[in-house]
Amino acid sequence: MALDPKSGAVLAWVGSRDYGSDPFDHVQAARRQPGSTFKPFVYGAAFAKGMLPTDTLMDAAVQIPLGGGRFWRPTDGNAPPSGEPMQLRDGLAYSKNTITAQLMQQVGPERVAQLARAMGVRESRLDPVPALALGTSDVTLKEMVAAYGTIASGGRYRAPTVIARIEDKNGKVLEEFKPASPELALGLTAAQELRDALRGVIDKGTGTAI
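Please read all numbers here as calculations on a predicted model, not as lab measurements.

Some remarks on the environment of Leu-188
Thought 1: For Leu-188, the position within the fold is in helix α6 (residues 188-203).
Thought 2: Residue Leu-188 is classed as partly exposed on the basis of its relative accessible area, which comes to 46%.
Thought 3: Once the C-alpha coordinates of Leu-188 and Ser-153 are considered, the two residues, 35 residues apart in sequence, prove to be 9.4 Å apart.

Some thoughts on the packing of helix α1 (residues 39-48) against helix α4 (residues 109-119)
Thought 1: Across the interface, α1 lies against α4 with an axial gap of 9 Å and an inter-helix angle of 105°. Overall, the two elements α1 and α4 adopt an arrangement that is roughly perpendicular. Packed against α1, whose contacting residues are Phe-41, Val-42, Gly-44 and Ala-45, the element α4 presents Arg-111, Val-112, Leu-115, Ala-116 and Met-119 at the interface.
Thought 2: Looking at the contact of α1 with α4 residue by residue, the class counts come to seven nonpolar, one polar and one charged.

Quick word on the nonpolar core
Thought 1: Phe-41, Tyr-43 and Leu-103 are the most contacted members of the largest nonpolar core, which has 44 residues in total.
Thought 2: Elements that contribute at least two residues to this core include exactly α1, α2 (88-93), α3 (97-107), α4, α5 (141-152) and α6.
Thought 3: If near-sequence neighbours (up to four positions away) are discounted, Leu-103 is found in contact with Val-42, Tyr-43, Ala-46, Met-51, Leu-57 and Leu-88.

Re the side chain of Ser-153
Thought 1: One can find Ser-153 in the loop between α5 and β7 (156-157).
Thought 2: According to the relative accessible area criterion, Ser-153 is buried, its value standing at 8%.
Thought 3: Engagement of the side chain of Ser-153 in a polar contact is seen with the backbone oxygen of Arg-156, the distance being 2.5 Å.
Thought 4: Excluding its chain neighbours within four sequence positions, the residues that come into contact with Ser-153 are Pro-5, Arg-158 and Arg-195.

Details of α3
Thought 1: Among the eleven residues that make up α3, eight are buried, leaving the element largely enclosed by the rest of the structure.
Thought 2: When α3 is considered as a whole, its buried residues turn out to be Asn-97, Thr-98, Ile-99, Thr-100, Ala-101, Leu-103, Met-104 and Val-107.
Thought 3: Once α3 finishes, Gly-108 follows within two positions and takes phi at roughly 105°, a positive value.

Cut-offs used in this document
Residues numbered from 1 in each chain as written. Predicted model: local features only at pLDDT ≥ 70, side-chain atom pairs only at ≥ 80, totals over all residues. Heavy atoms only, no water. Helix = DSSP H or I, 4+ residues; strand = E, 2+ residues; numbered from the N terminus. Buried < 20%, exposed > 50% of the residue type's maximum accessible area, 1.4 Å probe, protein only. Axes fitted to C-alpha atoms, helices over the stretch in contact; angles between N-to-C directions. Parallel < 35°, antiparallel > 145°, perpendicular 65-115°, else oblique. Contact = heavy atoms within 4.5 Å. Nonpolar A, V, L, I, M, F, W, Y, C, P; charged D, E, K, R; others polar. Core = buried A, V, L, I, M, F, W, Y, C linked by side-chain atoms within 4.5 Å. Polar contact = N/O pair within 3.5 Å; in protein donor to acceptor, adjacent residues only side chain to side chain.

This is the structure we're talking about:
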């Protein structure tokens, strides 16, 4: 799916490779765990709360109590924690689970879920639990594209628009549809901080291969 974040117009929508053999829309009907692509909502909620991209958290082992004697211990795979302070923008750039989990604790799962819904994840159920920070709730591709469009447009959400107008066989316009009105989901300052932090993903972080 491709979206124009300025208007919400859907530019491309490919639901499957071949409708004849796979008549299932993977854009709107399929739900999957978004994993680390959900992390920007955690950082966006933190910036909206007043935290700064330059604020630091310790890259250390994390143990989060879940109640009933249970704990959640997120790690970064085989990479051991450095034991050094790390700026929030670098936590996002390098997709650090240890940093993101700590940030989730400070911001709160419910606040993160609320922001994700405001930004475009509006049809899938988001469980407000600590692990939501790492994208454990199933969502659709359409929701994630719409939410990332909100980031690109400076914090303003626009509902995706599929049909711009209807014409008859002679080209006469029978009906036109205006783009959806924008809804403020994230303040401009926080949105700009999040957008700048996401540039770090490509410039030096996990997305440098692009």
